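Each chain, letter by letter, is given below.
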Amino acid sequence: MRHLAPLHYVEEVAKAGSIRRAADVLSITASALNRRILSLEDELGVPIFERLPRGVRLNTAGELLLHHIRNQMSDMARVRSQIADLSGVRRGHVAIACAQALMPHFLPREIEAYRGEHPAVTFNALVHDRESAERALSEYAADIALIFEPPRLGDFQTLTTIRQPVHCVMARDHPLAGRETVRLGECLNYPLALPAAPDGLRFLLESVASTSGAQLAPAVESDSYEFLLNHAASGGMVSFQIPVGIPQACARPDLASPPVDPRDMPPGLLFMGQLRGRVLPVAAARFADRLAATFASEFDAD
């Protein structure tokens, strides 16, 4: 809305670290954008940016203002979605920051089902590690975060937790494929295809391995679980995955995925949460409810 435009300008300048770069994004001239910023600073009675030789950065007053701006933008998005709901047509946008394991199978299925009921809702789903997912929440770049390992952010409000036992993933004809459970030490006798750090599953694997005195020496690393699954299926390698990342309804006949013996590796936890104190827009809140219901029906969720 027009009255929020000056606030949007501040957010873009803070993000770009430069009035000129922000002006390019906003499709206005740098001089016009600078005048808007100076006018706002004059209205507030204090500067909000430090002028540097190569750009600008927020000062303390600017950081306070930016926090207010993000609250205002979030509130406006929530009101818009509530107004749309009054007409019986759910609209809105849902931004998700999530662990890579959810991207190939789980999230596409859930988003498709939700949009089947509410086709006017749009989505943005990006892979984040724990630290960047929490930062996305605090910066209002994400509505919901799905993190595999305990969150550190004090303002992370946990909506649900899901127990996720770690599974080995290997070709169907691999020597370990027929086991009900597999000891971690047995897996280490084969070439490993592991997610790249700082992935949450990699963090858990390294923590358990270091406790037992073992070392993880991956033959292949990747930030793509799809790549790791395909690599494990095509050779003698062993990879690891959690159930939410393993194809369910369309199970791959070329893969086996026995769980790691719980004596060697206890289940990890997948956390779904939001920024504490934030009231989510209707579309995001309803999608979070849907995810919580799916987790409760398909996995061990609290």
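Residues numbered from 1 in each chain as written. Predicted model: local features only at pLDDT ≥ 70, side-chain atom pairs only at ≥ 80, totals over all residues. Heavy atoms only, no water.

## Concerning the nonpolar core
Most often, soluble globular proteins keep nonpolar side chains buried together rather than apart.
Okay, step 1: Ranked by internal contacts, the top residues of the largest apolar core, which has 55 residues, are Val94, Ile96, Leu102, Phe240, Val244, Phe287 and Phe295.
Okay, step 2: With seven residues, the top contributor of residues to this core is helix α10 (residues 282–298).
Okay, step 3: Not counting the four nearest positions on each side in its chain, Leu102 is found in contact with Leu107, Pro108, Leu146, Val244, Leu270 and Phe295.
Okay, step 4: Within the second largest apolar cluster, 18 residues are counted, among which are Ile37, Ile48, Phe49 and Ile69. (Core = buried A, V, L, I, M, F, W, Y, C linked by side-chain atoms within 4.5 Å. Buried < 20%, exposed > 50% of the residue type's maximum accessible area, 1.4 Å probe, protein only. Helix = DSSP H or I, 4+ residues; strand = E, 2+ residues; numbered from the N terminus. Contact = heavy atoms within 4.5 Å.)

## A short note on the pairing of strand β3 (residues 92–98)
Okay, step 1: Here β3 lies mainly inside the structure; five of its seven residues are buried.
Okay, step 2: Crossover β3 to strand β4 (residues 121–127) through helix α5 (residues 106–117) is right-handed.
Okay, step 3: Here β3 runs beside strand β5 (residues 144–148); their pairing, made up of three bridges, is parallel. Pairing of Ile96 across the sheet is with Ile144, part of β5. (Right-handed = clockwise from strand over helix to strand, strands pointing away. Pairing = 2+ DSSP bridges.)

## Details of the sheet that holds strand β7 (residues 167–171)
Okay, step 1: Strand order in the open sheet formed by three strands is β10-β7-β11, with antiparallel pairing between adjacent strands. On the outer flanks of this sheet lie β10 (239–241) and β11 (255–256), each paired with one strand and no other.
Okay, step 2: Bridge count between β7 and β10: three bridges; the pairing is antiparallel. By the bridge assignment, Val169 is partnered in β10 with Ser239.
Okay, step 3: Here helix α9 (residues 225–234) sits on the sheet and contacts β7, β10 and β11; the angle it forms with β7, its principal contact strand, is near 50 degrees. (Axes fitted to C-alpha atoms, helices over the stretch in contact; angles between N-to-C directions.)

## Some thoughts on the packing of aromatic side chains
Okay, step 1: By the definition in use, this model includes six aromatic pairs.
Okay, step 2: Between Tyr114 and Phe123, the aromatic rings sit 5.9 Å apart at their centres with planes inclined by 85 degrees, giving edge-to-face as the arrangement. Comparing Tyr114 with Phe123 shows no difference in burial state: the two are buried.
Okay, step 3: Consider the rings of Phe295 and Phe299, whose centres lie 6.3 Å apart with planes at 50 degrees: the pair is tilted.
Okay, step 4: Judged by relative accessible area, which is 14%, Phe299 ranks as buried.
Okay, step 5: The rings of Phe106, Phe295 and Phe299 are connected pair by pair, giving a single aromatic cluster. (Phe/Tyr/Trp six-rings, centres within 6.5 Å; stacked < 30°, edge-to-face > 60°.)

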